[in-house]
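Overview (structure and organization)
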Amino acid sequence: MLDTRTPKLVAVCSLPTPLAKSGNSSEGRKSSGWSIAQNSQSLFLRKCSMLSSNYFDVMGSSQSLLVFSQPVMCWLSPLPVPELTTFPRLQPLWPQTGYHEYIFGFDKRQRRPAKPNSAIELQQLLVTVVLDSECDLFPNITSDESYTLLVKEPVAFLKANRVWGVLRGLETFSQLIYQDSYGTFTINESDIIDSPRFPHRGILIDTARHFLPVKSILKTLDAMAFNKFNVLHWHIVDDQSFPYQSVTFPELSNKGSYSLSHVYTPNDVHTVIEYARLRGIRVIPEFDSPGHTQSWGKGQKDLLTPCYNEHKQSGTFGPINPILNSTYNFLSQFFKEVSMVFPDHFVHLGGDEVEFQCWESNPEIQGFMKQKGFGKDFRRLESFYLQKLLGIVSTVKKGSIVWQEVFDDHVKLLPGTIVQVWKNQVYTEELREVTAAGFPVILSAPWYLDWISYGQDWRNYYKVDPLHFDGSQEQKKLVIGGEACLWGEFVDATNLTPRLWPRASAVGERLWSPEDITSVGNAYNRLTVHRCRMVRRGISAEPLFTGYCDYEYKT
Amino acid sequence: MAPARPAMRHRGLGLAALLALLAAVAPRSSAAAEPPLWPMPLSVKTSPRLLHLSRDNFSIGYGPSSTAGPTCSLLQEAFRRYHEYIFGFDKRQRRPAKPNSAIELQQLLVTVVLDSECDLFPNITSDESYTLLVKEPVAFLKANRVWGVLRGLETFSQLIYQDSYGTFTVNESDIIDSPRFPHRGILIDTARHFLPVKSILKTLDAMAFNKFNVLHWHIVDDQSFPYQSVTFPELSNKGSYSLSHVYTPNDVHTVIEYARLRGIRVIPEFDSPGHTQSWGKGQKDLLTPCYNEHKQSGTFGPINPILNSTYNFLSQFFKEVSMVFPDHFVHLGGDEVEFQCWESNPEIQGFMKQKGFGKDFRRLESFYLQKLLGIVSTVKKGSIVWQEVFDDHVKLLPGTIVQVWKNQVYTEELREVTAAGFPVILSAPWYLDWISYGQDWRNYYKVDPLHFDGSQEQKKLVIGGEACLWGEFVDATNLTPRLWPRASAVGERLWSPEDITSVGNAYNRLTVHRCRMVRRGISAEPLFTGYCDYEYKT
């Protein structure tokens, strides 16, 4: 395998670093660079709307007229744009843009003719999907995101088994192109082989501590695609609010949301899921219980445990009441809905930070504990609840993800249940234990992006390696990836994007790129360019350090 | 001096109660609650009596005895601005006033009592006091100068809320207000990162919402020289990040005038002799060549203090600065001068010997700064300097303002500077670029600039403070949420009476104020969990 990463030109800086790249970057000799005219309308035929919409404006999934048979070539044709508009098209819901625009920019003033006779022109990128394209499917944990990219005169080739690899390859292709000092779009001949190191590369957003407008979530999905993330972990409800509008239990959000305008309607949720799918991103919802559920109690009577104070109900409530049949009836119906609304195979069930005081104070729960022979060990009650919940979720044919406490507290887990490690103390030890017990694991502990500090904390995120723990090869294989978590106590639409980017980009490269891509200095140079690239694409990614972007962020 | 504490102030109002106030389901129950004003005025009396306002019927005009009238464009623009802040920009909010529901407030009459100063620039002595009487059928805002009117309009706009029917509502109120400190500043740094003019103007908007009155514009530094000088155009041609990362004379003028219309002074900082790497790119021989083993190393140090050409340049440059920036004060920096390069240079060594400075490079620094202070006083400007200039015993002209920034024992520094008789600005506890997890605004809020060991005379020399947002990690992408509402805590500390110290009460008001800023287009970040009726729209 070729492995001659030669970042001699800062402009040939792709992030995350592809697996292998042989760039003919020859110290930026003009003759080795290709100019690309933005008026050469290299378009996808609109067979696969996912791919065409990543070039131009949004097309609904219903636009996927043909499923690619194998091997099928999505080719770039010089069709003029107006002809394409004869396709039936949906009104774009959101100002969406595609890679043609990412490459050539949105600013009309940038439009200059290619320099005459200056260099060889690259007129086309030909995309080939080799196997069944999966164009109309949702991505999943086993989705093949690998691709190869050959940039050579007169046509560039992007080849992938599935559309997911094409999406990743388009991002890489777009990152290869830069404007030279005359403003000409230029690319070096390059040969890239790429596939991700870990299949689960996530961003956690928290829409319960603060509501995030759908627009902010979509922006986040854009930026995730720029960094080859493929999982949106949507911590959608929590103590503070319940913005998820349930069709089965509408009172949950009617009573539990911050206000009636701080709600995600079924349509909003669908919009997020489809926008994510078009970028090869899975949406995994988290409905955290039995703790972190104060807001659930507002719209669902008797769901939470009444706390007692000196033999009387105090009027406050604790975790979900685990001793009532009504609780499990509710959960069955609720998660049945969730399983239908969210197409991903996995649901995150939370299970973290369950506080026992309220359970302890409640005489009925005390009675139940005695009856069950749990003694004073409320972790056994917690386990009782979670085991029933895990059963309910498996009944609706979903897999479960849980926070590490569920494992730590010895809940009996079905094989394949994914454990997410978040406690920052000795997380390597936790990784060892979870994988030794045979469970797949997601690492988040070192990547709590809400914990801000002065300076370049991305360097610490970057230096982490999820496999640097004491374990066998089999154990290491159980580490399926990681997530950068941006909890929402201090984050809303006003500061979400600059707090997340480019700090999460460091995690993105760690999870995508080969293990030996570890030079922080090299990463700094590429990430500085990548940050400006995100800014140019409308993401208000904050600076790493002093300096400037050619195109500064416009508010 | 301060009137007795108003009897109707309710302290320690819970968040729930405050939210109830906003919801105002039962107007009567909410009426006596404290209005969520920020910063808290000197004296507030509110009555339970409610008045309603409607977008189309309410107007702001002049009282019969006002010395300022419709020819005062500063006030005309302010009236238009505040009408929009009050009623919002969102057409969907337009509802008719409830019929027969309550008494309507139809007018705010503004009276300027003395010479209005409408066409002047604000300065350190500008009178920002005002009184505001909200009463049926007409409210009165009275101030000696336009500056007080601007502050009073902000307060008036903060009194108004929408009840649960969406009706704009105000309680009858009686407010007397004036600032505790005359210098209330925000430092922005356009050298570590260029800030587009639009971002600076947004900052000025938010400053006005928090009654700040000084923009300390740290305009150039080592990293870049975005100030476009007419006299020395090469400074920015060579020293800016790029030719589009430049503040043209027109840009600078835009900022100054936008600030003036909001009663905000613009004080430029041209920091020297250190922090000047970018100056050297466009001005030959200005910086000291560093030596390495008896040869010039190719690197440069601080401004070269031993050449006549240096002072010729500085004279011309600050002459231009004195004409471009109308404020009486220029900030000369003077912080963090590194001596190694001077030490390495044989010509400087010779100069040191000749002057009898020995090995004390602070005396060379003093030599330079004293000449610079002289140049600036020649062009009839006052000087502000960072504390090192005082610490290193530079002989300062009386009235030179010292800005205290070092966080170690800053109270001791306040004592010493004021004991020496110099006016002082406090920044040490308010370095907003130093971020941490959680509600650091609480620490900013708890500071009191006068809590140091000194006489009454010394305390009078504390003219105010500044929240500093240095730019190493800040540009247009994150400026606003990093600055607001954290700087708001400093804003209240510098405006409101000394005894307004309840952090819990501040939290409740600041939560509302933050949402108010968001509604007005400022992406002020949240204090903690919760929501705004009008969330930020990107």
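For chain B, the name recorded in an unreviewed UniProt entry is Beta-hexosaminidase, with Felis catus as its organism. Quoted straight from UniProt, the Sequence similarities (unreviewed entry) entry for chain B says "Belongs to the glycosyl hydrolase 20 family."

Where an unreviewed UniProt entry is consulted, chain A appears under the name Beta-hexosaminidase subunit beta, with the organism given as Felis catus. Recorded under Sequence similarities (unreviewed entry), the UniProt text for chain A is reproduced unchanged: "Belongs to the glycosyl hydrolase 20 family."

With that settled, consider the interface of chain A and chain B. Counting residues at the interface gives 40 residues for chain A and 40 residues for chain B. When chain A packs against chain B, close to 3,600 Å² is buried across both sides, 61% of that on carbon and sulfur atoms. Together, Tyr454, Phe490 and Thr494 of chain A form the three largest contributors to the area buried by chain A at its contact with chain B, with a combined 22%. The tally of links between chain A and chain B comes to four salt bridges. With a closest N to O distance of 2.9 Å, aspartate 492 of chain A and arginine 514 of chain B form a salt bridge. Linking chain A with chain B are 23 residue pairs in polar contact (both at pLDDT 80 or more). For the side of chain A that touches chain B, a count of residues per class yields 17 nonpolar, 13 polar and ten charged.

Judged by nonpolar contacts, the single largest core of 143 residues is most densely connected at Phe156, Phe270, Trp279, Phe317, Phe318 and Trp484 of chain B. When residues in this core are grouped by element, the largest group, nine residues, is from helix H12 (residues 361-378) of chain B. Domain assignment of the residues forming this core places at least three in each of domain 1 (43-177) and domain 2 (183-285 + 306-338 + 361-496) of chain B. Those residues in contact with phenylalanine 317 of chain B, other than ones at most four positions away along the chain, are Phe225, Tyr227, Ser229, Phe232, Leu235, Phe270 and Trp279 of chain B. With 132 residues, the next largest nonpolar core counts Leu158, Phe287, Met369 and Val421 of chain A among its residues.

Residues and elements named next belong to chain B. For strand E10 (residues 214-218), the buried fraction is high: five of the five residues fall into the buried class. Of the strand pairs in this sheet, strand E9 (residues 183-189) and E10 are connected by five bridges, and their pairing is parallel. When the bridges of E10 are listed, aspartate 189 appears paired with histidine 218. The handedness of the E9 to E10 crossover, carried by helix H5 (residues 197-209), is right-handed. As paired strands, E10 and strand E11 (residues 265-269) are joined by five bridges and run parallel to one another. Each bridged residue has a counterpart across the sheet, and for leucine 215 the counterpart in E11 is valine 266.

Turning our attention to the packing of aromatic side chains. Residue and element names in this part refer to chain B. Under the definition given, this model contains 78 aromatic pairs over all chains. When the centroid spacing of 5.1 Å and the interplanar angle of 45 degrees are considered together, the rings of tyrosine 62 and phenylalanine 79 count as tilted. With a gap of 17 residues between them, tyrosine 62 in strand E2 (residues 59-62) and phenylalanine 79 in helix H3 (residues 73-87) connect regions that are remote in the sequence. With relative accessibility at 7%, the residue phenylalanine 79 sits in the buried group. Ring geometry for tryptophan 279 and phenylalanine 313: centres 6.4 Å apart, planes at 70 degrees, overall edge-to-face. Highlighted residues: tryptophan 279 in helix H8 (residues 277-282) and phenylalanine 313 in helix H9 (residues 308-324), separated in sequence by 34 residues.

Conventions used here
- Residues numbered from 1 in each chain as written.
- Chains lettered and ligands numbered in written order.
- Predicted model: local features only at pLDDT ≥ 70, side-chain atom pairs only at ≥ 80, totals over all residues.
- Heavy atoms only, no water.
- UniProt positions renumbered as here; feature names shortened; annotations may be inferred.
- Contact = heavy atoms within 4.5 Å.
- Buried area = accessible area lost by both parts, 1.4 Å probe.
- Salt bridge = Lys/Arg side-chain N within 4 Å of Asp/Glu carboxyl O.
- Polar contact = N/O pair within 3.5 Å; in protein donor to acceptor, adjacent residues only side chain to side chain.
- Nonpolar A, V, L, I, M, F, W, Y, C, P; charged D, E, K, R; others polar.
- Core = buried A, V, L, I, M, F, W, Y, C linked by side-chain atoms within 4.5 Å.
- Buried < 20%, exposed > 50% of the residue type's maximum accessible area, 1.4 Å probe, protein only.
- Helix = DSSP H or I, 4+ residues; strand = E, 2+ residues; numbered from the N terminus.
- Domains from an automatic or database assignment.
- Pairing = 2+ DSSP bridges.
- Right-handed = clockwise from strand over helix to strand, strands pointing away.
- Phe/Tyr/Trp six-rings, centres within 6.5 Å; stacked < 30°, edge-to-face > 60°.

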